[in-house]
Amino acid sequence: MRFTTGAIRVEPDRKHVVLPRLGRLRLHESARKLARRVEAGTARIMSATVRRDGGRWHVAFTVQIDRTDRRPAQPGSVVGVDVGIIHLAVLSTGELVPNPRHLHGAQRVLRRLGRGLSREAGPDRRAGARPSRRWHRARARLGRAHARVANLRRDGLHKLTTRLAREHGTIVVEDLNVSGMLANRRLARHIADAGFAELRRQLAYKAGWNGGRLIVADRWFPSSKTCSGCGTVRTKLALAERTYTCATCGLVLDRDLNAARNLAALAGEAVDARSGRESPNGRGADRETPLAGQVAVKRQPGTAPAGQTGTVPPQGRTTNHILTRAH
Ligand SMILES: [Zn+2]
């Protein structure tokens, strides 16, 4: 349910919101960050959307925000990011970003509940059978577990993307989740793909906010098959090979780290291809300076242009809040 007119506001106690028709609703957690911005005049609530997901009610506000210009801590720094399953991500800096705590446990629960659901008597149209009450309960449990896995992973991704966007001037990711294809188990694959799409979405707008840029590698770029040491491209790389071994230069490196380094190396080429000239200091990323003084423009989440142009995209965002029972 979406509200675009009428009085939408956060109560002074920051624990309640008022929506048209629904009235005063209690929030599960404080909306202090949003309230602070509204009170300071740097944010204006445009609309509110109420939906039910994973057994919880949520309200999402679309907000116009005035943001101050930011610069990454290291504007000339480039980082390649390879998203995986075993790790949340592998960075070209050599850092292995672990999955959020409890994620593996939550995934195990997910598989168990999935098996449990399949044992219950579900709907059968040919037999005209309605699903049993136990089936409904099992399905609700599975839905909540799915939401929890998605939440854990999204939270981990937010922490990662915020850190990357604040630190590095240039972030390079793949166009497709190539390393995610490693795991052919359907569940793991599905979760990694969802995480990959989310990572790119977050990096696109956060790079813009922080004055950096996001480069998306061409989908045919062989990030996994290329040697990050000498550039030799292998014709074949078995899915099970976790270590990249180069017959030409003798490089032996973790497969994902090799891919991440190849992605990072793309940054220089991307700059050269676009501008056709070298920057004075020879470091292309330094020339990607953000444009000053932007005015907030409303946009839907997920449609922000990738920060490839080096300009700051229109600023707008959605904040999500969990609702408790209405009072
Ligand atoms: Zn090599």
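Computed from a prediction, not measured in an experiment: that's the story for all the values here.

Reading guide: rules and limits
- Throughout, a residue's number is its position along its own chain's written sequence, starting from 1.
- For a predicted model such as this one, the threshold for reporting local features is a pLDDT of at least 70, and the threshold for listing and counting side-chain atom pairs is 80 or more; totals across whole chains, interfaces and linings nevertheless cover every residue.
- Values reported for side chains reflect all heavy atoms of the structure, with hydrogen atoms and water molecules removed beforehand.
- Here a helix means four or more residues in a row that DSSP labels H or I, a strand means two or more in a row labelled E, and each is numbered from the N terminus.
- Type-normalised accessible area, obtained with a 1.4 Å probe on protein chains alone, sets the label of each residue: buried when under 20%, exposed when over 50%, and partly exposed for intermediate values.
- What makes two residues a contact is simply this: any of their non-hydrogen atoms within 4.5 Å.
- Shrake-Rupley sampling with a 1.4 Å probe provides the accessible areas, and residues are treated as covered by the protein chains on show and by no other component.
- Only buried residues count toward a nonpolar core, which is a set of Ala, Val, Leu, Ile, Met, Phe, Trp, Tyr and Cys residues joined through side-chain atoms within 4.5 Å.
- Strands pair, by our definition, only if DSSP identifies at least two bridges between them.
- Polar contact is the term for a pair of N or O atoms within 3.5 Å; when the atoms are in protein, one must be able to donate a hydrogen and the other to accept it, and sequence-neighboring residues count only if both atoms are side-chain atoms.
- The patch calculation keeps residues exceeding 30% relative accessible area without a salt bridge and links them within 9 Å when they carry like charges or within 5 Å when they are nonpolar (Val, Leu, Ile, Met, Phe, Trp, Tyr).
- Note on definitions: salt bridges are taken to be side-chain nitrogens of Lys or Arg within 4 Å of carboxyl oxygens of Asp or Glu.
- His is not counted, nor are the chain ends; Lys and Arg add positive charge and Asp and Glu add negative charge.
- Taken as the charge centre is NZ of Lys, CZ of Arg, CG of Asp or CD of Glu, depending on the residue.

Chemist: Help me understand the overall build of the chain in this model?
Modeler: Tallying secondary structure elements over the chain gives 5 helices and 14 strands in all. Within the span of the chain, comprising 327 residues, buried residues form 44% of the whole. Sequence separation of 24 or more characterises 61% of the internal contacts of the chain that already satisfy a separation of 6 or more. Here the chain has roughly 17900 Å² of accessible surface; of this, 52% comes from carbon and sulfur atoms.

Chemist: Sorry if this is basic, but what is going on with the nonpolar core here?
Modeler: The nonpolar side chains of a soluble globular protein tend to be buried, and buried together. Formed by 19 residues in total, the largest nonpolar core has its most connected members in Val-81, Leu-164, Leu-199 and Leu-214. Here this core takes 5 residues from helix H4 (residues 186–209), the largest share from any one element. If near-sequence neighbours (up to four positions away) are discounted, Leu-199 is found in contact with Val-81, Val-83, Leu-157, Leu-160, Thr-161 and Val-173. Listed in part, the 18 residues of the second largest apolar core include Val-17, Leu-19, Val-50 and Phe-61.

Chemist: What exactly am I supposed to notice about the pairing of strand E7 (residues 74–83) here?
Modeler: Taken residue by residue, a regular strand's side chains alternate between the two faces of the sheet. With 7 of its 10 residues buried, E7 lies for the most part within the structure. The antiparallel pairing of E7 with strand E8 (residues 89–91) creates a hairpin that spans 5 residues between the two strands.

Chemist: Where do I start with the side chain of Asn-99 in this structure?
Modeler: Looking at the element boundaries, Asn-99 is found in the loop between strand E9 (96–97) and helix H2 (103–119). Polar side-chain contacts of Asn-99 include one of 3.2 Å to the side chain of Arg-153. Those residues in contact with Asn-99, other than ones at most four positions away along the chain, are Ile-85, Ile-86, His-87, Leu-88, His-104 and Arg-153.

Chemist: What is the right way to look at a positive patch on the surface in this model?
Modeler: Together, Arg-52, Arg-108, Arg-111, Arg-112, Arg-115, Arg-119, Arg-133, Arg-137, Arg-141 and Arg-144 line one region of the surface with positive charge. Contributing elements (two or more residues each) for the positive patch: H2 and helix H3 (133–167). A total of 5 residues in the positive patch trace back to one element, the largest contributor, which is H2. Mapped onto the secondary structure, Arg-133 falls in helix H3.

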